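So you can see what is in the structure, the chains are spelled out below.
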Amino acid sequence: MTKNLFIKTYGCQMNVYDSDRMAGILKPLGFAPVDAPDQADMVILNTCHIREKAAEKVFSELGRIRQMRDARRAGGEDMVIGVAGCVAQAEGQEIVRRAPFVDIVFGPQSYHRLPEMVARAARAAGQPILETDLEADEKFDNLPTDTETTGPAAFLTVQEGCDKFCSFCVVPYTRGAEFSRPARDILAEAKRLLAAGVVEITLLGQNVNAWHGEAPDGADWSLGRLIRELAGLDGLRRLRYTTSHPLEMTSDLIAAHGEVPELMPYLHLPVQAGSNRILEAMNRRHDRDTYFRIIDRLRESRPDLALSGDFIVGFPGESEKDFLQTLNLVERVGYAQAYSFKYSPRPGTPASALELQVPEDEKSDRLQRLQDLLNRQQLAFNQATAGKTLDVLLERPGRRDGQLVGRSPYMQAVHVSAPAHRIGSVAPVRIVEGKANSLSGIIDGNMTGEAA
């Protein structure tokens, strides 16, 4: 008998990957994904602890889910409620206390045991199941090997956890220590994705460029070597990786950007702040000049490289002078896109106990000024593509009839008019207009892209 499964995914691409794996693990139990929670036999909230007030947003959503379950029970049906991910890992006991109607609470390294947890919940008579072990190697050893994809681009997790311990970040406490999957497992999963029709793979990790995995011959490979091996697989057109840390940008990886055509000219390399004083307080373990040197080497290797970054404003003790150094760094580097946030304390992190918290109105003012600059840079980058022809991977239907949406090599969303059978192809697109958040273009019929 088919049962309906709804998974709501918060936050990062790692969670998107994990949600897909959860659906695959539950498939043998008869669960099929649906698009809305009210008709689901099982609802899972796959949570993220990075954003502000993350836990409170989860509790608010759980209140709505509980009402849906009550309505189903009134009609003679039931619903299993699960909370997964980093909020579950960090605040599992609090979830059990505040929301005892939740059936299963499990961290990101425990979802491979979902079938067992579902069975235990059925026997538990209303007692929540709590699973928050941190054993990434066990999780990957127990993932299903069948691969289903929903498009030509896919994520592939190669590394989990973090040993950097930035003072503002909860990831080391919710994802555990750094763990690198063996190269043979990564290559095998990549081959399954390619056989299922994927042509672009994004390698994922909390510190993906810290990956150092065992090679098939027992040697130790770096991420640069892994990228070279993956690029040689039949059917792979494009490679990306995220998220990186400046400390792990090795010479071999930097060289790969210029030597591996399949590696797209786009890199997300967070810096968080432009002030050395604040970088030290954040425990980033690099300064602004080190970051500049890395950027210069990357652009020497790949001159057309587009950069993305992460920024936090209003970190405890940040002065106006510190903030102006962040603006200066942004102007010096030039970003194609970026993510920026106001600092908000995360319970249990060292920064949450720091004095000299920046007033909220100052945070808001600085964030607005930073985003104004970043938005201008993004618009200028997009507008500079007008008149150029870019290879675009067509991924999905657009909002209008006859429209498809794809991604340029630089991660820009590109809208074109094309029939649906072109989805999955890499087409040469002449860019007509660069907008704030996307490009529009025309497939160039006079040039040869991948056959549709």
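Residues numbered from 1 in each chain as written. Predicted model: local features only at pLDDT ≥ 70, side-chain atom pairs only at ≥ 80, totals over all residues. Heavy atoms only, no water.

K.L.:
So, unusual backbone geometry: which residues are in play, and what are the values?
P.N.:
In this chain, Thr242 is followed by Thr243 through a cis amide linkage whose omega measures 0°. Positionally, Thr243 belongs in the loop between strand E13 (238-242) and helix H9 (251-259). Residues other than glycine seldom take positive phi values, yet Leu356 does so here, at roughly 60°. Inspection of the secondary structure assignment puts Leu356 in the loop between strand E16 (337-342) and helix H13 (360-383). Given a relative accessible area of 66%, Leu356 falls into the exposed group. (Helix = DSSP H or I, 4+ residues; strand = E, 2+ residues; numbered from the N terminus. Buried < 20%, exposed > 50% of the residue type's maximum accessible area, 1.4 Å probe, protein only.)

K.L.:
Account for the nonpolar core, with residues named and values stated.
P.N.:
Residues Ile201, Leu203, Leu226, Tyr241 and Tyr335 are the most contacted members of the largest nonpolar core, which totals 53 residues. A total of 6 residues in this core trace back to one element, the largest contributor, which is helix H7 (residues 183-195). Beyond its immediate sequence surroundings of up to four residues, Leu226 is in contact with Val158, Ala183, Ile186, Leu203, Trp211 and Trp221. Judged by nonpolar contacts, the second largest core, of 22 residues, contains Ala40, Ala54, Val83 and Ala99. (Core = buried A, V, L, I, M, F, W, Y, C linked by side-chain atoms within 4.5 Å. Contact = heavy atoms within 4.5 Å.)

K.L.:
How would you explain the packing of aromatic side chains if you had to name every residue and give the values?
P.N.:
Here the structure, examined in full by the defined rule, presents 3 aromatic pairs. Ring geometry for Phe311 and Tyr335: centres 5.4 Å apart, planes at 90°, overall edge-to-face. With a gap of 24 residues between them, Phe311 in strand E15 (residues 306-313) and Tyr335 in the loop between helix H12 (320-333) and E16 connect regions that are remote in the sequence. Grouping residues by exposure puts Phe311 and Tyr335 together as buried. The interplanar angle of 85° and the centroid separation of 5.8 Å between the aromatic rings of Phe381 and Tyr410 together place this pair among those described as edge-to-face. Pair noted here: Phe381 is in helix H13 and Tyr410 is in the loop between strand E18 (403-407) and strand E19 (413-417), with a separation of 29 residues, a long-range link. (Phe/Tyr/Trp six-rings, centres within 6.5 Å; stacked < 30°, edge-to-face > 60°.)

K.L.:
Tell me about the pairing of E16, residues and numbers included.
P.N.:
Two strands pair when backbone bridges link them, and E15 and E16 are joined in this way by 6 bridges, in the parallel orientation. Counterpart to Phe311 in the pairing with E16 is Ser340. Viewed along the sheet, the connection from E15 through H12 into E16 turns out right-handed. (Pairing = 2+ DSSP bridges. Right-handed = clockwise from strand over helix to strand, strands pointing away.)

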